[in-house]
Amino acid sequence: MCMINVKSVSKSFGMKQVLKNITLNIAPGEFTTLIGPNGSGKTTLLRIIATLLRPNSGQVTIAGLDLNTSSHAVRQLLGVVSHHTLLYDNLTAYENLLFYARLYSIKDYANRISMVLDKVDLTESKDILVRTFSHGMQQRLSIARAILHNPRVILFDEPHTGLDQNNSVRLDQILQSTSTSGNTVLMITHDIKHALALSDKIAVLHKGEVVYQGSTAQLSFDEFAHKYHEIINV
Amino acid sequence: MYNNNQYTKTSQYWRAVRTIIWKDLSIEMRKKTLVSALLIFSVMVTLVFTFALDLDKSTKDNIAVGVLWVTFVFSSTLGLNQTFANEKSQNSLEGMLLSPIDYTAIFVGKFISTYIFVIIVEIIVVPMFYILYGIPLFSPLFLLIVLLGSFGYTLVGTLLASIATRTRAREIMLPILLLPVAMPIIIASVQCSNAILSGAHWGQFSNAFNLVIVYDIIFLGVAIMTFDYLIQE
């Protein structure tokens, strides 16, 4: 059974068709990266999977649950790290996580919060207001927020954007540990290096269509970069 | 009779509502910008009306209730414009939309926290009016109409703020959308307040009073039925 099943999904905004008949299957525990140029429809697809947008046609299921009919149950299974941190600047790190823990009805929230803070290395900053955090710290807290309720599927929308080298390496470690804990991960990025280093499978989205899908095993950076540029320059 | 599943859903719903109120109040306690801005604005409006117009006692008595409601309406609109401001900077509204809660809990939570801020302002403005205008504003029926009128205005305002927050000119958009829709409750509240303070009997203002209650009930229903659709893209 697929964990994420996207079947013939199309989406238009007004006259502009952003996604054209997309079909994508992601197995449980798999780390898949969706790569493509700006405006190719990556974020729109991710937002549809995250239940934030409805497709015009097609069907999306997560762990067998249809997004249209079981959106509450699906949202319990999903963790999303987006362009924005979705955090409150005037709350502390702990208060932000407490807010989300209550929304997700997490029973043992105190333990769970300290566990995720530890995982993203922010335990010592838990009582500090988020507005004083660096971008890297905010991004790590955003990941803590996304994994707080122990979701089976985690969606990352360009998580490396704006991070310096150190924070980027740190983020890679967190992403890898998230993936090895058995979560299914779908990441969007522009960065081919990160895509190849972290994921099991890679898919290229171009002009609203999936134009390439394949395993990253035995795929070298040069080979894929050449292929990718060939695809998007057609 | 609730079964376990319904009970869990209901308790989850109210937990989400309480959490949203807790979050809004915690942020306001820390920032102290919204309530202080509302208070300064209300005090300024009241003082301008009191001292800029050189009125005799009877004219003052006639316009006092109107001025009071203008103060409430303007300051509430200012507050309503900030209803979703905390959610704007990091798009945290999306964080709530991603969580497995009934979206109307977001509306109810946001409405209650805004209503609390409006009531805080009213608690300060009403005694100030009493001092400046010398009108006995502490009749229970008058205070009830203030609460019911503000309830309806804040209710519609919160609903429209959720639409306006997604538009580019949201701070201009909210008053433009809100004032025409809220006109019936503003007029009925002013009529009721005037009648109560002038000692009119129930029959003289019962229609206006009932209109306020019906407006509150209708818009509570409309808000709960439509918020789900309004908040999603």
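Note that the structure is predicted; figures quoted are calculated from it, not measured.

Remarks on the overall build of chain B
Alright, step 1. Scanning chain B for helices and strands turns up nine helices and zero strands.
Alright, step 2. Ordering the α and β elements of chain B from the N terminus gives α-α-α-α-α-α-α-α-α.
Alright, step 3. Taken against the 2.2 N^0.38 rule, which gives 17 Å for 233 residues, the C-alpha radius of gyration of chain B at 19 Å falls within 12% of a compact globule.
Alright, step 4. By its C-alpha atoms, chain B is 60 × 40 × 30 Å across when sized along the principal axes.
Alright, step 5. The 233 residues of chain B split such that 48% are buried.
Alright, step 6. Considering only intrachain contacts with a sequence separation of at least 6, the fraction spanning at least 24 residues in chain B is 81%.
Alright, step 7. A total accessible area of about 11,000 Å² is found for chain B, and carbon and sulfur atoms account for 68% of it.
Alright, step 8. Computed over 14 positive and 13 negative side-chain charges, the separation of the two mean positions in chain B equals 8 Å.

Remarks on the environment of Ile26 of chain A
Residue and element names in this part refer to chain A.
Alright, step 1. With respect to the helices, strands and loops of the structure, Ile26 is situated in strand 2 (residues 16-26).
Alright, step 2. Residues Ile26 and Ile4, spaced 22 residues apart in sequence, show a C-alpha to C-alpha distance of 5.0 Å.
Alright, step 3. For Ile26, the contacting residues outside a window of four places in its chain are Cys2, Met3, Ile4, Thr32, Thr184 and Leu186.

Some details on helix 8 (residues 170-197) of chain B
Residues and elements named next belong to chain B.
Alright, step 1. Its maximal kink placed at Ala182, helix 8 deviates by approximately 55°, while the proline Pro184 follows within four residues.
Alright, step 2. Of all the positions in helix 8, only Leu174, Leu178, Ala182, Ile185, Ile186, Ala188, Ser189, Cys192, Ser193, Ala195 and Ile196 are classed as buried.
Alright, step 3. Buried positions along helix 8 lie against helix 3 (57-81), helix 7 (140-164) and helix 9 (202-231).
Alright, step 4. Of the residues flanking the end of helix 8, it is Gly199, one or two places downstream, whose phi is positive at about 80°.

Thoughts on the packing of helix 5 (residues 135-147) of chain A against helix 6 (residues 165-180) of chain A
All names here are of chain A.
Alright, step 1. Remark: helix 5 packs on helix 6, axes separated minimally by 10 Å, with the N-to-C direction vectors making an angle of 10°. With respect to helix 6, the element helix 5 is oriented roughly parallel. Here Gly136, Arg140, Ile143 and Ile147 of helix 5 lie close against helix 6, whose contacting residues are Asn167, Arg170, Leu171, Ile174 and Thr178.
Alright, step 2. Residue classes in the contact of helix 5 with helix 6 are distributed as four nonpolar, three polar and two charged.

Comments concerning the pattern of salt bridges
Residue and element names in this part refer to chain B.
Alright, step 1. Under the counting rule described, the total for this entry stands at nine salt bridges over all chains.
Alright, step 2. Ionic pairing is found between Asp24 and Lys23, a salt bridge with its closest N-O pair at 2.7 Å.
Alright, step 3. One network of salt bridges, in which partners are shared, links Lys23, Asp24, Glu87 and Lys110.

Regarding the packing of aromatic side chains
What describes a pair of aromatic rings is the distance from one ring centre to the other and the angle between the planes of the rings.
Alright, step 1. In this structure the tally under the stated criterion is 16 aromatic pairs over all chains.
Alright, step 2. Centre to centre, the rings of Tyr88 of chain A and Phe99 of chain A are 5.4 Å apart; their planes meet at 90°, and the pair counts as edge-to-face. Here the residue Tyr88 of chain A occupies a position in the loop between strand 6 (78-81) and helix 3 (93-103), and Phe99 of chain A occupies one in helix 3, the gap between them amounting to 11 residues.
Alright, step 3. Between Trp202 of chain B and Phe205 of chain B, the ring centres sit 5.4 Å apart and the planes meet at 80°, which makes this aromatic pair edge-to-face. Placement of the pair is Trp202 of chain B and Phe205 of chain B together in helix 9, with a separation of three residues, close to one helical turn.
Alright, step 4. We classify Phe205 of chain B as buried; its relative accessible area is 5%.
Alright, step 5. Taken together through their ring pairs, the aromatic side chains of Phe107, Phe111, Tyr115, Phe151 and Phe227 of chain B make up a single cluster.
Alright, step 6. Directly above the aromatic system of Tyr94 of chain A lies the positively charged group of Lys126 of chain A, at a separation of 5.3 Å from the ring centroid.

Here we look at the interface of chain B and chain A
Alright, step 1. With 29 residues of chain B in contact, the opposing surface of chain A contributes 30 residues.
Alright, step 2. Of all residues in chain B, Gln90, Leu98 and Pro100 of chain B give up the largest surface area on contact with chain A, accounting jointly for 25% of the area buried on that side.
Alright, step 3. Connecting chain B to chain A are two salt bridges.
Alright, step 4. Residue Glu94 of chain B is joined to Arg47 of chain A by a salt bridge in which the shortest nitrogen-to-oxygen separation is 3.1 Å.
Alright, step 5. At the junction of chain B and chain A, the tally comes to 14 residue pairs in polar contact (both at pLDDT 80 or more).

Considering the pairing of strand 10 (residues 209-215) of chain A
Residue and element names in this part refer to chain A.
Alright, step 1. Sheet analysis places strand 9 (residues 201-206) next to strand 10, joined by six bridges and oriented antiparallel. Considered in strand 10, the bridge of Val204 is made with Tyr212.
Alright, step 2. The loop that links strand 9 with its antiparallel partner strand 10 comprises two residues; one of these, Lys207, has a positive phi angle of about 50°.

Quick notes on the nonpolar core
Alright, step 1. Counting 136 residues, the largest nonpolar core has Ile4, Val6, Ile49, Ile62, Leu141 and Leu155 of chain A together with Ile106 of chain B as its most contacted members.
Alright, step 2. Broken down by element, the residue count for this core peaks at 13 residues, all from helix 6 (residues 103-133) of chain B.
Alright, step 3. Apart from the residues lying within four places of it in its own chain, the contact partners of Ile49 of chain A are Ile4, Val6, Val60, Ile62, Leu67, Leu78, Leu155 and Leu186 of chain A.
Alright, step 4. In this structure, Leu196, Val204, Leu219 and Tyr228 of chain A belong to the second largest nonpolar core, which totals 13 residues.

Focus: the pairing of strand 9 of chain A
Residue and element names in this part refer to chain A.
Alright, step 1. Among the six residues that make up strand 9, six are buried, leaving the element largely enclosed by the rest of the structure.
Alright, step 2. Residues of strand 9 alternate between two faces, with Lys201, Ala203 and Leu205 on one and Ile202, Val204 and His206 on the opposite face, all of them buried.
Alright, step 3. As defined by bridge partners, strand 3 (residues 31-35) adjoins strand 9 across four bridges and the pair is classed as parallel. Residue pairing across strands places Thr32 opposite Lys201, the latter belonging to strand 9.

Some details on the confidence of the model for chain A
Any segment with low pLDDT has predicted coordinates that should not be analysed in fine detail.
Alright, step 1. Per-residue confidence for chain A gives a mean pLDDT of 91; residues scoring 70 or more make up 100%.
Alright, step 2. Here helix 6 of chain A is the element of chain A with the lowest mean pLDDT, 83, and helix 3 of chain A is the one with the highest, 97.

Details of the environment of Val48 of chain B
Alright, step 1. Following the sequence through the fold, Val48 of chain B ends up in helix 2 (residues 34-52).
Alright, step 2. Considering only alpha carbons, one finds Val48 of chain B and Leu177 of chain B, 129 residues apart in sequence, at a separation of 26 Å.

Here is what the cut-offs are and how they apply
Residues numbered from 1 in each chain as written. Chains lettered and ligands numbered in written order. Predicted model: local features only at pLDDT ≥ 70, side-chain atom pairs only at ≥ 80, totals over all residues. Heavy atoms only, no water. Helix = DSSP H or I, 4+ residues; strand = E, 2+ residues; numbered from the N terminus. Rg over C-alpha atoms; globule rule 2.2 N^0.38 Å. Buried < 20%, exposed > 50% of the residue type's maximum accessible area, 1.4 Å probe, protein only. Contact = heavy atoms within 4.5 Å. Areas by Shrake-Rupley, 256 points an atom, 1.4 Å probe, with all protein chains shown as cover. Lys, Arg positive; Asp, Glu negative; His and termini not counted. Charge placed at Lys NZ, Arg CZ, Asp CG, Glu CD. Bend = angle between axes of the 7 residues up to and from the residue. Axes fitted to C-alpha atoms, helices over the stretch in contact; angles between N-to-C directions. Parallel < 35°, antiparallel > 145°, perpendicular 65-115°, else oblique. Nonpolar A, V, L, I, M, F, W, Y, C, P; charged D, E, K, R; others polar. Salt bridge = Lys/Arg side-chain N within 4 Å of Asp/Glu carboxyl O. Phe/Tyr/Trp six-rings, centres within 6.5 Å; stacked < 30°, edge-to-face > 60°. Lys NZ or Arg CZ within 6 Å of the ring centre and 35° of its normal. Buried area = accessible area lost by both parts, 1.4 Å probe. Polar contact = N/O pair within 3.5 Å; in protein donor to acceptor, adjacent residues only side chain to side chain. Pairing = 2+ DSSP bridges. Core = buried A, V, L, I, M, F, W, Y, C linked by side-chain atoms within 4.5 Å. pLDDT = per-residue confidence, 0-100.

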